[in-house]
Structures are given as C-alpha cells and as structure tokens.
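# Coordinates in review
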Amino acid sequence: MNRLDWSSRPGRPLRGSVQVPGDKSVSHRALMLAAIAEGDSHIRGFLEGEDTRATAAVLAQLGVRIETPAAGERRVHGVGLHGLQGTAQPLDCGNAGTGMRLLTGLLAGQAFDSTLVGDASLSKRPMRRVTDPLSQMGARIDTQDGLPPLRVHGGQALRGIRYELPVASAQVKSALLLAGLYADGETEVIEPHPTRDYTERMLAAFGWPIRFEAGRARLDGGHVLHATNVDVPADFSSAAFFLVAASIVPDSELRLPSVGLNPRRTGLLHALRLMGADITVERERESGGEPVADLIVRHAPLHGIELPSALVPDMIDELPVLFIAAAAAQGRTVIRGAAELRVKESDRIASMAAGLHALGAAIEETPDGALIDGGRFQAGSVQTHLDHRIAMSFAVAGLVAQGPVHINDCSHVATSFPGFMELANGCGFALLAV
Ligand code: S3P
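All values derive from a computational prediction rather than experimental measurement.

Attention shifts here to the domain arrangement of the chain. Frequently, the measure chosen for interface size is the accessible area that the parts lose on association. We note that the domain assignment places domain 1 (6-22 + 233-433) and domain 2 (24-231) within the chain. A C-alpha centroid distance of 29 Å is found between domain 1 and domain 2. Tallying the contact residues gives 30 residues for domain 1 and 24 residues for domain 2. Interface area for domain 1 against domain 2, summed over the two sides, is near 2300 Å², with a carbon-plus-sulfur share of 47%. For the domain 1 face of the interface with domain 2, the top three residues by lost area are Arg-264, Glu-345 and Thr-415, together amounting to 23%. Across the contact surface, domain 1 and domain 2 share four salt bridges. Counting across the interface, domain 1 meets domain 2 through 14 residue pairs in polar contact (both at pLDDT 80 or more). Class assignment of the residues belonging to the side of domain 1 that touches domain 2 gives a composition of 11 nonpolar, nine polar and 10 charged.

Per the counting criterion, the structure on display carries seven aromatic pairs. When the ring of Phe-242 is compared with that of Phe-420, the centres are 5.8 Å apart and the planes differ by 50 degrees; the resulting orientation is tilted. Taken together, the residues Phe-242 in helix H7 (residues 236-248) and Phe-420 in helix H12 (residues 420-427) connect sequence positions 178 residues apart. Looking at Phe-420, the relative accessible area reads 1%, which means it is buried. Through successive ring pairs, a cluster of aromatic residues spans Trp-6, Phe-241, Phe-242, Phe-417, Phe-420 and Phe-429.

The buried count for strand S11 (residues 186-190) comes to four of five residues, which makes it a mostly enclosed element. Pairing of strand S10 (residues 162-164) with S11 involves three bridges; the strand directions are parallel. Looking at the pairing, Tyr-163 lines up with Val-189 of S11. With five bridges joining them, S11 and strand S13 (residues 216-220) adopt antiparallel strand pairing.

Now for the site of the ligand. Neighbouring the ligand are the residues Lys-24, Ser-25, Arg-29, Thr-98, Ser-169, Ala-170, Gln-171, Arg-196, Ile-316, Asp-317 and Lys-344. Protein chains bury 95% of the 380 Å² of accessible surface belonging to the ligand in isolation. Elements represented by at least two residues in the shell around the ligand include exactly helix H1 (24-35) and helix H5 (170-180). Take the shell around the ligand: its biggest share by element is three residues, from H1. Counted by class, the shell around the ligand contains two nonpolar, four polar and five charged residues. Each of domain 1 (6-22 + 233-433) and domain 2 (24-231) accounts for three or more of the residues forming the shell around the ligand.

Conventions we followed
- Per-chain numbering applies: the sequence of each chain, read as written, is numbered from 1 onward.
- For this predicted model, a pLDDT threshold of at least 70 governs which residues receive local features, and a threshold of 80 or more governs which side-chain atom pairs are given and counted, while totals over whole chains, interfaces and linings are taken from all residues.
- Hydrogens and water are ignored here; the side-chain numbers use all heavy atoms of the structure.
- The split into domains, and so the bounds of each, comes from an automatic or database assignment of domains.
- We call two residues in contact when some of their heavy atoms are within 4.5 Å.
- Two parts placed together each lose some accessible area under a 1.4 Å probe, and the buried area is that loss summed for both.
- We count a salt bridge whenever a side-chain nitrogen from Lys or Arg sits within 4 Å of a carboxyl oxygen from Asp or Glu.
- By the criterion applied in these results, polar contacts are pairs of N or O atoms within 3.5 Å in which, for protein atoms, one can donate a hydrogen and the other can accept it, and in which residues neighboring in sequence qualify only through two side-chain atoms.
- Amino acids are sorted into nonpolar (Ala, Val, Leu, Ile, Met, Phe, Trp, Tyr, Cys and Pro), charged (Asp, Glu, Lys and Arg) and polar (every other residue, Gly among them).
- What counts as a ring pair is set by centres within 6.5 Å for rings of Phe, Tyr and Trp (its six-membered ring), and what kind of pair is set by the plane angle: stacked under 30 degrees, edge-to-face over 60, tilted for all other angles.
- Only runs of H or I of at least four residues qualify as helices and only runs of E of at least two qualify as strands under DSSP, and these elements are numbered from the N terminus.
- Burial classes follow relative accessibility: with a 1.4 Å probe on protein chains only, a residue under 20% of its type's maximum area counts as buried, one over 50% as exposed, and anything between as partly exposed.
- A pair of strands is treated as paired once DSSP finds two or more bridges between them.
- Any residue with a heavy atom positioned within 4 Å of a molecule or strand is treated as near that molecule or strand.
- Note on areas: these come from Shrake-Rupley sampling with a 1.4 Å probe, and a residue is covered only by the protein chains present in the view.

Have a look at this one:
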C-alpha cells in the first residue's frame with residue numbers, strides 16, 4: 001500500500017448532508033452468508049472498502065461467483081453450505097480482523113485445508129480467542145504463537161459447545177456461530193456483555209433457526225441458508241467522525257442520512273449527549289431488519305465526563321474519536337474498562353495518547369483507558385500506526401487545532417471509509433494530501 005500523509009487544519013463551519021458508506025460489519029456478514037446460501041442474494045449499500053473487498057476476494061477464491069452490478073452492490077451466487085472449494089493459495093484478509101476471525105469459523109467446518117494471512121497490522125492481532133474455542137468444537141487450526149497466518153485443517157467433525165466468552169467480542173461470537181452451522185448438536189455462546197448481533201439477525205434473515213437475546217445465542221447445525229437480499233445501513237462508526245467534528249466546530253450543522261442505529265453500536269451517541277452534544281434522531285425506521293435514522297448534529301460546548309464503562313462495548317470502534325471530543329471539551333474525561341482497544345488495528349490507547357501528546361493535549365494513559373483534560377490542540381505531527389480510525393480521528397482534531405496537524409500514513413483509511421477525504425472536505429474540513 002502506498003504511503004499517504006494528510007494535513008488537517010481548521011476549515012469553515014461544517015454544513016450540509018454527509019452520506020457515509022455502508023456498514024463494514026454488515027457487509028462482511030452479508031457476503032459470507034450469501035456465499036454459503038442456496039440461491040442468489042443481492043446486497044445493496046455494500047461497503048466498497050478494502051476490508052470487505054478482501055473478504056469478497058477470499059470467497060471468490062473459494063469458488064463463489066460474486067458480481068458487481070454497480071458500485072455498492074454485489075450479486076452473490078450462493079454455493080450452499082457444502083459448496084465451497086478449497087485452494088492451495090493463501091487467503092488474504094488484508095487488514096480485516098472481522099474477515100479473518102469470521103472466515104476462520106466458517107472454514108473450520110469445511111472438508112478442505114485453508115491458510116489465512118493478513119497485512120502487518122492483522123498479523124499482530126490475537127487469534128487464540130477464536131482458535132481455542134473452535135478447537136473445543138473439534139477444529140484443528142495452527143497459529144504462529146497465537147498470531148496469523150492461520151492454517152485451518154479441513155475434514156474435522158465439529159460438535160456444538162456451550163462457550164462463555166472471556167471478553168465481549170462479536171467477532172469471536174460470530175466465528176463460533178458460523179462453525180456451529182457445520183457442527184453436530186447445539187452451539188451456544190454467552191457473552192459477558194452483549195455485542196453487536198448482526199450475525200444472529202442475518203442468520204435468521206437467511207432462514208436459519210437461531211435463538212438469541214442480548215448476551216446469548218444458540219443454534220443447531222444441519223439446516224439450510226436461503227438466499228435473500230440485504231440492504232446495508234450506513235456505518236455508524238464512519239458517521240462517528242462527523243458527529244464529533246460538528247460537535248466541536250462552532251456554527252456547524254450536519255445531517256447524516258440513513259445511519260444504522262443498532263443499539264449495540266450507538267454508545268458514542270449516548271456518551272456525546274452526556275458531554276452536552278446536540279444530536280437529534282429523525283426519520284427513524286427499519287431497513288433490512290436494522291433500525292436506521294437520519295442524525296442531525298449541531299455544534300455544542302462539550303464538557304468532560306466519567307464515561308460509564310457499560311457503554312464501552314457499544315462504542316468500541318468509536319473510542320478513538322471520543323478521545324478527540326474529550327481533549328476538545330471543558331474539564332476531565334475518564335475512560336475505563338477499554339483494554340480491548342489495545343488489540344485493535346493498533347494499540348488504540350497508546351496511539352491516541354501519543355498523538356494527543358504530540359498536539360500538546362493533557363492525556364494520561366492507563367492500562368484500560370485514559371484520563372483526558374480538555375484544552376486546545378497545537379500544530380504537530382502524529383502517527384496513525386497504520387490504523388484507519390486513528391487517522392480519521394486526528395483529521396477531526398485538526399479542525400480545532402491552532403496550526404496544521406500532519407498525519408503520517410493515512411493509506412489504511414480506505415479499509416473502512418473510502419472517499420473520507422472528499423466527503424470531509426465537501427462539508428467544510430480542510431484536509432490535504434501531502
Ligand atoms: C466487529 C466487532 C468488533 C469491532 C470490529 C468489527 C464485527 O470487534 O471492533 O471493528 O464486525 O464483529 P470485537 O470482536 O472486539 O467485538
């Protein structure tokens with residue numbers, strides 16, 4: 001991937017309507033379930049990001065025909081539960097933890113062997129959280145000391161287990177449920193805190209009998225998935241950058257249409273409102289089985305809060321940009337219970353603390369969070385650590401800095417948010433590729 005730096009500086013008040021791209025979590029799952037369904041599924045609102053395209057490419061390598069009738073659309077010709085074909089070539093998940101972890105569950109139930117690889121960031125991310133419980137189900141998976149590449153041995157007879165997740169993780173839960181499709185008996189997953197339930201909802205939409213409630217999901221192997229059409233909502237995690245940006249830039253008012261508001265994703269909305277943000281929800285409706293609405297955000301003075309740690313799992317991907325909101329707010333914000341941030345695309349606590357320090361902000365890192373004292377940002381140079389959300393968070397910081405914020409290596413933004421720069425500049429950011 002070619003290196004790309006950005007410079008972000010104060011622009012004008014943020015105004016207009018910003019249509020953010022499709023949800024990453026939903027796009028990954030739609031591809032995978034459509035691939036092993038009977039019949040053809042049409043996906044609309046598909047995220048044209050590098051992560052989700054990597055998953056599409058892997059499924060194509062496994063013999064699934066996927067057409068692109070238009071940008072943001074995929075027609076997937078399902079091959080049925082047992083129709084995937086093995087390949088000796090490595091399956092490259094790129095930067096995508098979701099892609100790799102879910103595919104591991106899916107591939108554990110196949111008759112053939114597979115090798116899953118990823119980029120430099122993904123190659124450092126822990127995989128035992130997936131391979132340990134899958135092994136309990138009878139899977140055989142080799143790791144490199146718990147890290148990718150993963151060698152998934154096929155032809156294993158899987159059996160359902162009851163598994164209590166040690167950490168709240170939708171990726172792990174989903175991997176086990178996908179393996180459970182191929183297992184004998186019941187697979188039950190219990191979470192310490194409910195996480196996003198897209199896999200459960202989508203399995204039901206594809207006709208698989210599944211019983212689920214907040215924090216618990218159960219299914220039996222041996223049924224059939226029936227092709228269906230999926231409408232992917234706009235990604236709340238991408239909208240998050242604009243929610244914070246318009247909150248902290250005076251005179252701003254932005255509309256974000258058709259954003260997915262799955263309750264397991266909207267912790268940032270509650271946190272920002274606790275900080276004094278002015279965000280209204282309009283045109284609430286359901287699309288493709290998911291709640292969606294337009295969000296209107298207006299500038300408002302923010303103040304620091306003790307972030308309720310119960311909100312953390314519902315805003316796990318939005319915490320980097322919350323660090324920016326906190327550093328631009330009045331007073332102290334305390335974030336606890338967020339140790340999972342250390343094993344995301346980068347160590348997000350360390351990445352945000354280092355970047356905020358470079359901009360002269362007052363932040364103290366703790367093992368599972370940070371203490372942030374709001375103030376002003378100076379000009380400075382920050383590192384993304386190849387993490388898309390760190391890059392976009394500092395693009396937001398630049399809007400209220402006293403001089404340009406230089407952001408080193410934003411090439412990974414395209415993994416989740418292709419076109420971020422154009423959309424951002426269209427509503428008032430002053431973001432330059434340098
Ligand atoms: C995801 C789950 C989350 C999130 C990731 C996407 C998913 O990770 O951070 O970006 O699609 O299942 P966890 O597995 O930690 O919940």
